[in-house]
Amino acid sequence: MFTQPEVEWDDTEQEWMRARADWRENHICPLCGYPKEYCQAPETEFELAEPKRIRCHITTRLRDAQKAYASLPTAKPEGLLWVPEFRQ
Ligand SMILES: [Zn+2]
């Protein structure tokens, strides 16, 4: 059956991780990853230039494959894990 995993961190380390998670939740924007004090400040709207677009080719290839698969009549996309394969 299942085994109980061993605790890797002691109480102090666990408290550090909890404090870090609390800090991230309160100070980091979940959308952009920047500090909320900056990205949500009204004046930031006027400081931003046009964003750069950088393509992730792995995500693009995975999304294309997922769309092609989803169009099949027998597709069951729920529960699938998609893993990139690299040509030899
Ligand atoms: Zn943000």
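Rules used throughout
- Residues numbered from 1 in each chain as written.
- Predicted model: local features only at pLDDT ≥ 70, side-chain atom pairs only at ≥ 80, totals over all residues.
- Heavy atoms only, no water.
- Helix = DSSP H or I, 4+ residues; strand = E, 2+ residues; numbered from the N terminus.
- Buried < 20%, exposed > 50% of the residue type's maximum accessible area, 1.4 Å probe, protein only.
- Contact = heavy atoms within 4.5 Å.
- Lys, Arg positive; Asp, Glu negative; His and termini not counted.
- Charge placed at Lys NZ, Arg CZ, Asp CG, Glu CD.
- Donors = N, O, S within 2.8 Å, 3.2 Å for Na, K, Ca; no water.
- Salt bridge = Lys/Arg side-chain N within 4 Å of Asp/Glu carboxyl O.
- Phe/Tyr/Trp six-rings, centres within 6.5 Å; stacked < 30°, edge-to-face > 60°.

### Remarks on the overall build of the protein chain
Argument step 1. Looking only at helices and strands, the protein chain features 3 helices and 0 strands.
Argument step 2. When the helices and strands of the protein chain are listed from N to C terminus, the series reads α-α-α.
Argument step 3. Principal-axis analysis of the C-alpha atoms places the extent of the protein chain at approximately 55 × 50 × 30 Å.
Argument step 4. Buried positions account for 6% of the 88 residues belonging to the protein chain.
Argument step 5. Taking the intrachain contacts of the protein chain between residues at least 6 apart in sequence as the baseline, contacts between residues at least 24 apart amount to 6%.
Argument step 6. Placing the 12 positive and 16 negative side-chain charges of the protein chain at their respective mean positions leaves the two points 14 Å apart.

### A look at the coordination of the zinc ion
The textbook angles at a metal center are 109.5 degrees for a tetrahedron of four donors and 90 or 180 degrees for an octahedron of six.
Argument step 1. Within the first shell, the zinc ion binds the protein through Cys29 (SG), Cys32 (SG) and Cys39 (SG), at distances of 2.3 to 2.4 Å.
Argument step 2. Linear spacing of the donor residues for the zinc ion on their chain is C-x2-C-x6-C.

### Topic: the pattern of salt bridges
Argument step 1. Counted according to the given criterion, the structure contains 1 salt bridge.
Argument step 2. In this structure, Glu15 engages Arg18 in a salt bridge whose closest nitrogen and oxygen atoms are separated by 3.5 Å. Highlighted residues: Glu15 and Arg18, both in helix α1 (residues 11-27), separated by 3 residues, approximately one helical turn.
Argument step 3. By relative accessible area, which is 43% here, Glu15 ends up partly exposed.
Argument step 4. Of the residues examined, Arg18 reaches a relative accessible area of 45% and is grouped as partly exposed.

### Focus: the packing of aromatic side chains
Argument step 1. The full count for this structure, using the stated rule, is 1 aromatic pair.
Argument step 2. Between Tyr69 and Trp82 the ring centres are 5.9 Å apart and the planes differ by 70 degrees, which places this aromatic pair in the edge-to-face class. Placement of Tyr69 in helix α3 (residues 57-70) and of Trp82 in the segment after α3 is noted, with a sequence separation of 13 residues between them.
Argument step 3. Residue classification places Tyr69 among the partly exposed positions, given a relative accessible area of 25%.
Argument step 4. Given a relative accessible area of 30%, Trp82 falls into the partly exposed group.

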